[in-house]
Every structure is written in C-alpha cells, then in structure tokens.
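# Residue-level structural notes
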Amino acid sequence: MPRIPRPSHPTRTSRTPRARLGVFIGSLAALTALGAAPPGAAAVPSGAGGPVAVPSGAGGPVASGPAASGAREAGAGVTAPTVEEARLDRAAPQEILRRGGFDSAGPGLAAALAGARSYAAAERAVTRQGSALWRRAVDRVQGRGPAARAGDLSRDDDRPLYWARLAMTRELRAWQPRFALSDPDRARLLDRLEVTSRGQNTVRYPAGRGVKRVLLTGFDPFTLDRDVRISNPSGAAALALDGTLIRTADGGRARVETVVFPVRWQDFADGTVERTLRPHLPQVDLFTTVSQGRVGRFDVERTNGAWRGGFGDNLNVSETGLVPVTDPGSQPQWTRTTLPSARITAADTGPFPVYDNTTVTEIPAGGTAPVTRPDGPTPGSAARAGGGGDYLSNEIAYRATLLRDRLGLTGLPGGHLHTPVLQFGPGNTDPGGAVTDPSFLRDRAAITAQVRSVVAVAAARR
C-alpha cells in the first residue's frame, strides 16, 4: 500500500496475543483505509477501493484508545458487534453475500454452534466451519466444485469471503451456549475462526527439491466507510494463487501457498504476522507480502520503516508510533527487500508498469523534522514512512523482513509488492452504485494475472 498521511493500524494496548482478537471492540462507524501512498502519490478518489493516500481524518473522525477498541457488554459473555461486523447490515455487503452464494455462512455457523454441548465441541464446530469457508472461497475463485457455480458475481471476487467471515464472527460473538463460556474462551474461538478462515493453518508444500516454494500474503478490503463495495486485489490474488503450481520464467515450477491478513492494528501488535509466517519462512524459496497501493502501477518496495502513521483501520482505530515488536531493544528503524527488484521491473509481466520504489520519509540523524528521500534512508535516521508508507502494508513488509533477518535467513528473497488500486468504472463512482462493473472486473483480473507473472519472474533462478 502506498504511504498514507499519518494513519494507523491495530492499537498498541496491553492485551494478550490473539486472545483479544476483536473481542473487545466498540461499535462505532467511520472510515478505514489499508495502505499508504508515498509522498507525491495521487490520492485515490472516494470509492476507489484500496490502500491509498487519504488525508488524515478524511471521511470522518478516526477513533482511538480504549473507547474505540473496547467492546461494550451486551449481556453475560456476549459482546456487541464490532465496527466491521456492523457494516454487514448495509445493502452492498448483503448483495455481495447473496450474489456470491455465501449468505449461508453465518446461519451455518449458528446452527453448528447450537448443537455444541461443550467448549471442545464448539471449537471443533468453529474449526470445521472456518476451514470450510476458506476452502469454499478458494474453490470458487479457482473454478472448482459447487462453490464455483454459486451466485452470479464474478468468480474471482474476494469480497464474499470477507463479508462471510464477519457474518460468522458476529454469530460467534452473540452466541449464548448452554454451558459456561468465559470471555477468554470466546476469544479463543474467535481467534480459531480467524486463523482457519484466512488459510493461516493450511500452508503445505510438497516434499523434494523439484518445485520452488513460494509464500504470498494478501489483505482484506478496507476504507469501507468511504465505499463499502470495495474489493482488495491482493486478497483476490491470494485466493486465485493458493495451492497452485506455476511455471517460473526459467521454465521451472513453483508451488504458491497464500494467507490473508486483517486490516487491524491490534492483530499486528498481537503478532499475527510473525505467528503465521515463522513456521514457513525457513522452508520457502521466496515470499512476498502483497497489498493494494498506487493508481495504475505496481511497486516493489525497497525499504520498510518501523513507524505507524495514524490512519484508521477497519475498526476505525488509529495508532501512531514505533511498530511494536518483540525485543524492541534490537529493533532496526529500517528493513530492506531481498526480492530481485531489477529482474522484476525489467520483465514484461503485464499491462501495468512495475517500479522499484526507493522513496522513504525519515527524520535525519540529529534532526527533528521529517524529510522525504527519493533514494532511501540515510545513516542513523528515524523512520517515518517506508516505500510502502506508514500503514499496514508497510508494517507487514517490515515485520516479515525483520522476521527473515532475525531467523538468519538474510539470503532468502522476500519483500513487498504493491498492486494498482482497483477502482470502479467512471460511471460507477457513487458508493451506493453497482457492486461490480466491466472496468472493475477487467482490472481485477489483469492485476491478479500480473501478480502471478511477477511471482513467476521472482521465483526463477538468477
């Protein structure tokens, strides 16, 4: 995602990892956005749908602090819907669920939970339903089985998965079992649903050395209070590529496994990226985090910064400050890509230009004011935005490459790829308009195809 004017992601509060995942979140309505646009990047017009440059506070106030992130009690052990879940009641999400054939996901989980007589039974039900949702979404995008024939939305749509997951978390949050269920236990069930419905527990690679192993990550839609119809091409690409075998540019083969992450600061502070990626980085040949970035272009982000810029996330929570990581005493201000940027940018991968983006924003050593540098950071400087900005796209790149380095995998190719912003057609810019149009469909398909081509180039032998 391009750099956003001082926005932010999951709030840094003293909460236990994952156990607090979205359980204590206030129900406010407002604006969100997932990306950051480097200085000079054009802001995406309202309704464009992707990580974009948006003025701080655009579209409404950005909430922060305990009032924004703490859930209101709605009864014994039950919490009110989160900001994300409350958006389900709008017309476009309901249409997307119905036309995507995913409108049964919430009721299906509710029915499965109704039969649970213990926590163990509830956990099994949540695991089955969450895993089935991920498989169903992947099968639909890749044209397999009944899911591919359900509804009349384009098969490559990432939005049914996003809204179906929220329908399920809302059901789980409101569920009143016949047995005692503590708040921490409900939080663990919510976490289990998040993990299984995002493909985070299904990464598998074939044995042997004949096939390269590639790990790719995508994101949920965001900026939904600006336009609730928004899709995220990084999530669409993740669904399209999960479990696929691709031919690399040198004639070899690569197996691609994918996962999808939320657009929430707190999840990142709680370590969702590190927990998901740590088991797999030592066994892969290449990894790339992917998010939606700037209009009309791909970017390979050269440098990632340890700074959160304050833009509101999908819960309308804002966070500004140093990226919170374990062992902060050894935390660097900058991390760098090891993707083969020159090879990627030189290749003909598709209709959109691909840039090696070296711009950062820093506070120089001894200075006090932020300075934009076109050629990367200077020695001793403090990060204020990486090439990918100061939002969650920069942060996932920072976390993934920092994990790479801390694991001693400094030679492993890995970094961040920003896709073009996915926009609705010129005659469909009203947020109350059609949930799809020919231009929207054409560009999403082209972006996904070019992500595949970029991976094919990056995974080839030198």
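Sequence order as written defines residue numbering, which begins from 1 separately in each chain. This being a predicted model, a pLDDT of at least 70 is required before a residue's local features are given, and a value of 80 or more before pairs of side-chain atoms are given or counted; all residues contribute to the totals for chains, interfaces and linings. Side-chain numbers come from the whole structure's heavy atoms, not from hydrogens or water.

### Some remarks on the packing of aromatic side chains
Between rings of Phe, Tyr and Trp, where Trp is taken as its six-membered ring, a pair exists when centres lie within 6.5 Å; planes separated by under 30 degrees are stacked, by over 60 edge-to-face, and by other angles tilted. A full pass over the atoms with the stated rule returns nine aromatic pairs. Arranged with centres 5.7 Å apart and planes meeting at 70°, the rings of tryptophan 175 and phenylalanine 179 form a pair that is edge-to-face. Summarising the burial analysis for this pair, tryptophan 175 and phenylalanine 179 share the class buried. Here phenylalanine 311 and tyrosine 391 contribute two aromatic rings whose centre-to-centre distance is 5.4 Å and whose plane-to-plane angle is 85°, an arrangement assigned as edge-to-face. With phenylalanine 311 in the loop between strand S9 (307-309) and strand S10 (320-322) and tyrosine 391 in the loop between strand S15 (382-385) and helix H12 (392-406), the pair connects residues that are 80 residues apart, well separated along the chain. You'll find phenylalanine 311 and tyrosine 391 in the same group, each marked buried. Every member of this aromatic cluster is reached through a ring pair, and the members are Phe222, Trp265, Phe311 and Tyr391. Think of it as a cone above the ring: NZ of Lys or CZ of Arg counts as a charge over the ring if it is within 6 Å of the ring centre and within 35 degrees of the ring normal. For arginine 229, the ring lying beneath its charged end belongs to phenylalanine 424, and the centroid distance is 3.9 Å. A simple rule labels every residue: compare its accessible area, found with a 1.4 Å probe on the protein chains alone, to the largest value its type can have, and call it buried under 20%, exposed over 50%, or partly exposed in between. Secondary structure follows DSSP: runs of H or I at least 4 residues long count as helices, runs of E at least 2 residues long count as strands, and numbering of each begins at the N terminus.

### Quick notes on helix H8 (residues 233-241)
Of all nine residues in H8, nine are buried; the element is thus mostly enclosed. Within the span of H8, buried status applies to Pro233, Ser234, Gly235, Ala236, Ala237, Ala238, Leu239, Ala240 and Leu241. Of the residues flanking the end of H8, it is glycine 243, one or two places downstream, whose phi is positive at about 75°.

### Thoughts on the confidence of the model for the protein chain
Every residue gets a pLDDT, meaning the predictor's confidence in that residue, from 0 to 100. Per-residue confidence for the protein chain averages 87 on the pLDDT scale, and 83% of its residues sit at or above 70. A low-confidence stretch, residues 1-75 stays under pLDDT 50, and its non-local contacts, those more than four residues away or across chains, total 313 contacts. By definition, residues are in contact when any of their heavy atoms lie within 4.5 Å.

### Brief notes about the pattern of salt bridges
Between Lys or Arg on one side and Asp or Glu on the other, a salt bridge is scored when a side-chain nitrogen of the former is within 4 Å of a carboxyl oxygen of the latter. Evaluation of the coordinates by the stated rule reveals 31 salt bridges. A salt bridge links arginine 144 to aspartate 139; its shortest N-O distance comes to 3.0 Å. Owing to a relative accessible area of 39%, arginine 144 belongs among the partly exposed residues under this scheme. The exposure class of aspartate 139 is partly exposed, given its relative accessible area of 25%. Note that arginine 399 and glutamate 274 form a salt bridge whose closest N and O atoms lie 2.8 Å from each other. A residue pair is termed long-range when its members are at least 10 positions apart, and arginine 399 in helix H12 and glutamate 274 in helix H10 (residues 272-277) qualify at 125 residues. In this structure glutamate 274 comes out as buried when scored by relative accessible area, which is 14%. Connected via shared salt-bridge partners are Glu84, Arg165, Glu194, Arg198, Asp220, Arg264 and Asp267.

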